[in-house]
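# Analysis of the macromolecular model
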Amino acid sequence: MIVFEDIETGMEVSYSQTITDADVKTYSGLSGDKNPVHMDDEYAQRSRFGQRIAHGMISSSFFSALFGTRIPGPGCVYVSQSMQFKKPVYIGETVTATVIVKSVNLKKRRIFFRTICKVKNRIVIDGEAELYVPEEG
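So, here's what we can say about the structure. As the structure is a prediction and not an experimental result, all values here were calculated from the model.

## A look at the packing of aromatic side chains
What characterises a pair of aromatic rings is the spacing of the ring centres plus the angle enclosed by the ring planes. Applying the stated rule across the entire model yields three aromatic pairs. With 5.4 Å between their ring centres and 70° between their planes, tyrosine 15 and phenylalanine 62 make a pair best called edge-to-face. Here the residue tyrosine 15 occupies a position in strand E1 (residues 12–18), and phenylalanine 62 occupies one in helix H4 (residues 56–69), the gap between them amounting to 47 residues. Taking the relative accessible area as the measure of exposure, tyrosine 15 reaches 32% and is therefore partly exposed. Centroid distance phenylalanine 67 to tyrosine 78: 5.4 Å. Interplanar angle 90°. Geometry classified as edge-to-face. Of this pair, phenylalanine 67 sits in helix H4 while tyrosine 78 sits in strand E2 (residues 77–85), placing them 11 residues apart in sequence. We classify phenylalanine 67 as buried; its relative accessible area is 1%.

Structure representation (structure tokens):
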């Protein structure tokens, strides 16, 4: 865990995970998003993607994992997140999520991040986040 006061501009952490069919089905059941581009092979083959794609929010959820476990760490609270979904993520691809500290407001206990997901070297999600870090105790 990183102490809030030790967080500096430029710090970054990453997490990688391969998206599986089971992930897509589990997310669909959890979220209620049964869009056939995610769930139906025949439908997806006729789409502009040519095959099923993973829900974009699966990949974006890796940001939350990084925030809650790595930087800033346990107890932090999401304030905001913006995202642009630039490219699809196909089932079986490995997504690497990276969060990079853009700035820190010590007085308000806020940290501002750039948030990126990549598959190989292509950006699939690009965004920004703001996190609040409460004082301990």
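Moving on from the model shown.
## Let's talk about unusual backbone geometry
With an omega dihedral of 10°, the bond running from isoleucine 71 to proline 72 counts as a cis peptide bond. Mapping proline 72 onto the fold places it in the loop between H4 and E2. One non-glycine residue, lysine 120, adopts positive backbone phi at about 55°. With respect to the element layout, lysine 120 can be found in the loop between strand E4 (110–119) and strand E5 (122–132). On the accessibility criterion, lysine 120 (72% relative accessible area) is exposed.

## As for the environment of valine 37
Mapped onto the fold, valine 37 is located in helix H2 (residues 36–39). Under the relative-accessibility criterion, valine 37 is labelled buried at 10%. For the pair valine 37 and glycine 50, spaced 13 residues apart in the sequence, the C-alpha separation amounts to 9.4 Å. Other than its neighbours up to four places away in sequence, valine 37 contacts Tyr43, Ala44, Ser47, Phe49, Gln51, Arg52 and Ile53.

## Concerning the pattern of salt bridges
Scanning all chains against the criterion turns up eight salt bridges. Put simply, glutamate 93 and arginine 122 hold a salt bridge, and the shortest N to O gap is 3.6 Å. Remark: arginine 122 occurs in strand E5 and glutamate 93 occurs in the loop between E2 and strand E3 (94–105); sequence separation between them is 29 residues. Judged by its relative accessible area of 26%, arginine 122 is partly exposed. Arginine 114 is the salt-bridge partner of aspartate 126, the closest N and O atoms lying 2.8 Å from each other. Taken together, the residues aspartate 126 in strand E5 and arginine 114 in strand E4 connect sequence positions 12 residues apart. The class for aspartate 126 is buried, based on a relative accessible area of 17%. The exposure class of arginine 114 is partly exposed, given its relative accessible area of 32%. Overlapping salt bridges, with partners in common, bring together Asp21, Lys25, Asp41 and Arg52 in one network.

## A look at the environment of lysine 102
Structurally, lysine 102 can be placed in strand E3. Separated by 34 residues in sequence, lysine 102 and glycine 68 place their C-alpha atoms 18 Å apart. Looking at lysine 102, its side chain comes within polar contact range of the side chain of glutamate 128, at 2.6 Å.

What counts, and at which threshold
Residues numbered from 1 in each chain as written. Predicted model: local features only at pLDDT ≥ 70, side-chain atom pairs only at ≥ 80, totals over all residues. Heavy atoms only, no water. Phe/Tyr/Trp six-rings, centres within 6.5 Å; stacked < 30°, edge-to-face > 60°. Helix = DSSP H or I, 4+ residues; strand = E, 2+ residues; numbered from the N terminus. Buried < 20%, exposed > 50% of the residue type's maximum accessible area, 1.4 Å probe, protein only. Contact = heavy atoms within 4.5 Å. Salt bridge = Lys/Arg side-chain N within 4 Å of Asp/Glu carboxyl O. Polar contact = N/O pair within 3.5 Å; in protein donor to acceptor, adjacent residues only side chain to side chain.

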